[in-house]
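Breakdown of the fold
Given next are the chains, with one letter for each unit.
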Amino acid sequence: MRALGAWVLLGAVCAGSAQLQFSVTKSVVKTSQNDKVILPCIVTNLALNNTGVMFVKWKLEKKEFFSFEGRTGKSTTNKNFSSAELNSPEDLKFGNASLRLSNTQAVPGNYSCEVTESNREGETVIELLYRRVSWFTPVENGLIILFMVLAILFYWIQFAVTVSKFETTLLKISLIIAGVVITVFAVVGFSLLISDEFKPQNQIGLGLIVLPAVILVPSQYFLLQTVCENLSFAIGVIVLESLGYLIAVIGFGLCVTAGHPKTSAVVIAGLAIMALTALVGLIHAILTGSSKKNQSSRKPVEEPLNGRW
Ligand SMILES: *[C@@H]1O[C@H](CO)[C@@H](O)[C@H](O)[C@H]1NC(C)=O
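Residues numbered from 1 in each chain as written. Predicted model: local features only at pLDDT ≥ 70, side-chain atom pairs only at ≥ 80, totals over all residues. Heavy atoms only, no water.

You'll find the protein chain entered in an unreviewed UniProt entry as Leukocyte surface antigen CD47, with Mauremys mutica given as the organism. Under the UniProt heading Subcellular location (unreviewed entry), the entry covering the protein chain gives this text: "Cell membrane". (UniProt positions renumbered as here; feature names shortened; annotations may be inferred.)

Turning our eyes to something else, we now look at the sheet that holds strand E2 (residues 27-30). With respect to topology, six strands assemble into an open sheet ordered E2-E11-E10-E5-E6-E7, the strand pairing being mixed. The two strands at the open ends of the sheet, each matched to only one other strand, are E2 and strand E7 (74-77). Averaged over all pairs of adjacent strands, the angle between their axes in this sheet comes to 20°, without regard to strand direction. As paired elements, E2 and strand E11 (residues 120-130) share four bridges and run parallel to each other. Counterpart to valine 28 in the pairing with E11 is leucine 128. (Pairing = 2+ DSSP bridges. Helix = DSSP H or I, 4+ residues; strand = E, 2+ residues; numbered from the N terminus. Axes fitted to C-alpha atoms, helices over the stretch in contact; angles between N-to-C directions.)

Once that is clear, we can look at the packing of helix H4 (residues 200-210) against helix H6 (residues 231-257). At a minimum axis distance of 10 Å, the contact between H4 and H6 shows a crossing angle of 170°. It follows that H4 is roughly antiparallel to H6 by the angle criterion. Across the interface between the two elements, Gln203, Leu206, Gly207 and Val210 from H4 touch Tyr245, Ala248, Val249, Phe252, Cys255 and Val256 from H6. A breakdown of the residues in the contact of H4 with H6 according to their chemical character gives eight nonpolar, two polar and no charged. (Parallel < 35°, antiparallel > 145°, perpendicular 65-115°, else oblique. Contact = heavy atoms within 4.5 Å. Nonpolar A, V, L, I, M, F, W, Y, C, P; charged D, E, K, R; others polar.)

Let us now look at the UniProt feature "transmembrane region" (unreviewed entry) in the protein chain. UniProt's entry tags residues 37-56, 141-161, 173-194, 206-224, 230-254 and 266-287 with the feature "transmembrane region" (unreviewed entry), counted in the numbering of this structure. Taken end to end, residues 173-194 comprises 95% helix and 0% strand; its first and last C-alpha atoms sit 32 Å apart. From the first C-alpha to the last, residues 266-287 spans 32 Å; its make-up is 100% helix and 0% strand.

The subject of this paragraph is the sheet that holds strand E8 (residues 85-86). Spatially, E3-E9-E8 is the arrangement adopted by the three strands of the open sheet, whose pairing is antiparallel. Both edges of this open sheet fall to strand E3 (36-39) and E8, since each of them pairs with a single strand only. Sheet topology places E8 next to strand E9 (residues 99-102); two bridges connect them, and they run antiparallel. Considered in E9, the bridge of glutamate 85 is made with arginine 100.

Take the packing of aromatic side chains next. Applying the stated criterion to the full structure yields seven aromatic pairs. Note on tyrosine 155 and tryptophan 156: the rings are 5.8 Å apart at their centroids and 70° apart in plane angle, and the pair reads as edge-to-face. Assessed through its relative accessible area of 1%, tyrosine 155 is described here as buried. (Phe/Tyr/Trp six-rings, centres within 6.5 Å; stacked < 30°, edge-to-face > 60°. Buried < 20%, exposed > 50% of the residue type's maximum accessible area, 1.4 Å probe, protein only.)

Around the ligand sit Glu61, Gly109, Asn110 and Glu127, and that is every residue in its neighbourhood. At 2.3 Å, a side-chain N or O of asparagine 110 approaches an oxygen atom of the ligand. Within the side chain of glutamate 127, an N or O atom sits 2.9 Å from a nitrogen atom of the ligand. Taking 360 Å² as the accessible area of the ligand by itself, protein coverage stands at 32%. Across the shell around the ligand, the residue classes break down as no nonpolar, two polar and two charged. (Near = heavy atom within 4 Å. Polar contact = N/O pair within 3.5 Å; in protein donor to acceptor, adjacent residues only side chain to side chain. Areas by Shrake-Rupley, 256 points an atom, 1.4 Å probe, with all protein chains shown as cover.)

Below you can see the structure in the form of structure tokens.
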């Protein structure tokens, strides 16, 4: 009888502190790059530190999807949350009822964690938020696209400036095809590269921008060689352009292999060198083109004279 009286008394004394208390985390943020998501739930005033008398329930918007019974050590999950498990079951008796979920199953929303220890219980709510993370920043995307557009644009202008001087139409057609191919790849690449959120397509897009740019190297060479008296200039430009291409490809490889594209500067530098060499080629074509035009425009004036004499 005395024992029962003590129990009743104890219960009355404890009634004031019957609630379990939590260290409050208002929200956690996940991104598409997380593999697992951990929802924290830490009880701060456990008294018994005995998993056997504990029970944990996790709910999403009031619907239970996970429970763990300390007595049996078994957890039960809803099939939409099959990946759910206690993050650290051995620490449950110290109050850690945090839950681990796969990223795909961890839908954003308000999760509540309900913990029971013997006759005490409590609940805390954690909001899971989702933040979009893109592969490159808009500035990085902008620079990649800018330099590639410039390289292609300079190529086309140089082609237009040089076009009257081709000896064979075959060369002209080949250079047009090369220009069209590189332009199409780049445009498709741009459209795949840009997105609010990282997707594998971004990597394919960058590949379509960078890898086919190799076409510019021989095309540029034929363009230069058509107008250029001194071949060492043409070769110098081509060597520099090849170097730019190589740097861009190395940068592409680094961006793809390192999950985060901290190495975007390498790609950008490579494409900038390619744009620069395309500009050098264009300026050269304009300069030699205009000096040749001056010479050839005098000819028709001389010819009728020759003919008359
Ligand atoms: C979660 O709860 C907070 C506070 O009640 C509310 O502002 C928020 O919109 C809820 N989030 C979702 C996804 O329902």
